[in-house]
Amino acid sequence: RFYHLISDLQQLAVPLVLIFDAYEQGAEEARKWLESQLLPRLDRAPGVVVVIGGQRIPDHGKHTWHTLAESCELQPINEPDDWLEFIRRKWNCPGLQPAHVQTLTLATGGDAGQVSALLEKVVRQLPGSSLA
C-alpha cells in the first residue's frame, strides 16, 4: 500500500497539501512513518507539500530530507482581543473576563502554548463551564 501511495503522489496532476497539526499528539507509530517513510520520498513528489504544526515538530536537521524542509516559529500573540476571539470560538465562555486574558498574556509574553494551556485551566474552573 505504501508504495502505491508514493507512486500516486509522484504522479499527481494537481498540487496537494497535507497538513498535520498538533504533531506531538499523534501516535508515535504515525510520526515515525511520516519522518522515516513519507518525508524522505517527497523529493520524488514535487506536487506535494507537507505542513507540520505543533508544540514539537520533527528536528529536520538530523534527517535526510532536511534540504526539503523549511521551519518557521510562530510569533507570540500579545493582543488580548485575539485571545478573546479564540476563547469565544473554542469554548464560548462568557465568564472569562478580558482582565484575565490580559494578565495571562502579559505573564507569558504571549507564548501561544502557555496562554492556551492556562486559559483552558481557567475556563475549567469557571462556574457553568462545559469543561468542568
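Our subject is the structure that appears above.
Residues numbered from 1 in each chain as written. Predicted model: local features only at pLDDT ≥ 70, side-chain atom pairs only at ≥ 80, totals over all residues. Heavy atoms only, no water.

Focus on the overall build of the chain
We count it as follows: Helix numbering and strand numbering both begin at the N terminus, where a helix is a DSSP run of H or I of at least 4 residues and a strand a DSSP run of E of at least 2. Computation of the radius of gyration draws on C-alpha atoms alone. For the globule rule, the value is 2.2 Å times the number of residues to the power 0.38. Partly exposed describes any residue whose relative accessible area lies between the buried limit of under 20% and the exposed limit of over 50%, with all areas from a 1.4 Å probe on protein chains only and scaled to the type maximum. We call two residues in contact when some of their heavy atoms are within 4.5 Å. Note that accessible areas follow from Shrake-Rupley with a 1.4 Å probe, and for residues the cover is restricted to the protein chains shown.
Of the regular secondary structure elements, the chain holds five helices and two strands. When the elements of the chain are put in sequence order from the N terminus, they spell out α-β-α-β-α-α-α. In terms of overall size, the chain is more extended than a compact globule, its C-alpha atoms giving a radius of gyration of 19 Å where 132 residues would be expected to give roughly 14 Å. A total of 132 residues make up the chain; the buried ones form 27% of that total. A separation threshold of at least 6 residues defines the contact pool for the chain, and within that pool the share at least 24 residues apart is 64%. Working note: accessible area of the chain is about 9,500 Å², and carbon and sulfur atoms make up 52% of it.

Side note on the packing of helix α3 (residues 80-90) against helix α4 (residues 98-108)
To keep it simple, the criterion reads: Angles shown run from 0 to 180 degrees and are taken between the N-to-C directions of axes, each axis being a line fitted to C-alpha atoms and, for helices, limited to the stretch in contact. Here the word oblique covers every angle except those under 35 degrees (roughly parallel), over 145 (roughly antiparallel) and from 65 to 115 (roughly perpendicular). In this scheme, a crossing is called left-handed if the near helix is turned counterclockwise away from the far one by less than a right angle; it is called right-handed if the turn is clockwise. Note on residue classes: Ala, Val, Leu, Ile, Met, Phe, Trp, Tyr, Cys and Pro are nonpolar, Asp, Glu, Lys and Arg are charged, and everything else, Gly too, is polar.
The contact between α3 and α4 brings their axes to 9 Å, and the two run at 120°. Regarding the angle of α3 to α4, the classification is oblique. For α3 against α4, the interelement crossing comes out right-handed. For the pair α3 and α4, contact is made by P80, W83, L84 and I87 and by P98, V101, Q102 and T105, respectively. Looking at the contact of α3 with α4 residue by residue, the classes come out as six nonpolar, two polar and no charged.

Concerning the packing of α4 against helix α5 (residues 112-125)
How two helices sit against one another is set out by the angle between their axes and by the gap between those axes. Between α4 and α5, the least distance of the axes is 10 Å, while the angle of their chain directions is 145°. In this structure, the crossing between α4 and α5 has a hand that is right-handed. In this structure, α4 uses V101, L104, T105 and T108 to contact α5, whose residues at the interface are Q114, V115, L118, L119 and V122. Considering only residue class, the contact of α4 with α5 consists of six nonpolar, three polar and no charged.

A word on the packing of aromatic side chains
The test is simple: Geometry of aromatic contacts follows a simple scheme: Phe, Tyr and Trp rings, the Trp one being its six-membered ring, pair when their centres are within 6.5 Å, and the pair is stacked under 30 degrees between planes, edge-to-face over 60, tilted otherwise.
Tallying each qualifying case throughout the model produces two aromatic pairs. With a centroid separation of 5.6 Å and an interplanar angle of 85°, the aromatic rings of W83 and F86 are classed as edge-to-face. Taken as a pair, W83 and F86 lie in helix α3 at a separation of three residues, close to a single helical turn. Geometrically, the ring pair formed by F86 and W91 is edge-to-face, given 5.7 Å between the ring centres and 80° between the ring planes. Accessibility expressed as a relative area gives 10% for W91, which makes it buried. In textbook terms, an aromatic cluster arises when at least three aromatic residues are bridged by ring pairs, as seen for W83, F86 and W91.

So, a nonpolar patch on the surface
Rule in force here: A patch consists of residues whose relative accessible area exceeds 30% and which take part in no salt bridge; residues with like charges are grouped when within 9 Å of each other, and nonpolar side chains (Val, Leu, Ile, Met, Phe, Trp, Tyr) when within 5 Å. What makes a salt bridge here is a side-chain nitrogen of Lys or Arg within 4 Å of a carboxyl oxygen of Asp or Glu, nothing more.
On the surface, V17, I19, V49 and V51 cluster together to form a nonpolar patch covering roughly 350 Å² of accessible area. Elements with a contribution of two residues or more to the nonpolar patch: β1 (16-20) and β2 (48-52). In this fold, I19 is placed in strand β1. I19 sits in the exposed class, given a relative accessible area of 61%.

Overview of the side chain of E24
Using the following cut-off: Under the convention used here, Asp and Glu are negative, Lys and Arg are positive, and both His and the chain ends fall outside the count. Any N or O atom pair separated by 3.5 Å or less is treated as a polar contact, with the protein-specific requirement of one donor-capable and one acceptor-capable atom, and with residues adjacent in sequence counted only for side-chain atom pairs.
Position of E24 relative to the elements: it lies in the loop between β1 and α2 (28-38). The side chain of E24 is buried and forms no salt bridge, while R56, the nearest opposite charge, is found at 5.8 Å. Within polar-contact distance, the side chain of E24 engages the backbone nitrogen of R56 at 3.5 Å. Apart from the residues lying within four places of it in its own chain, the contact partners of E24 are R31, G54, Q55 and R56.

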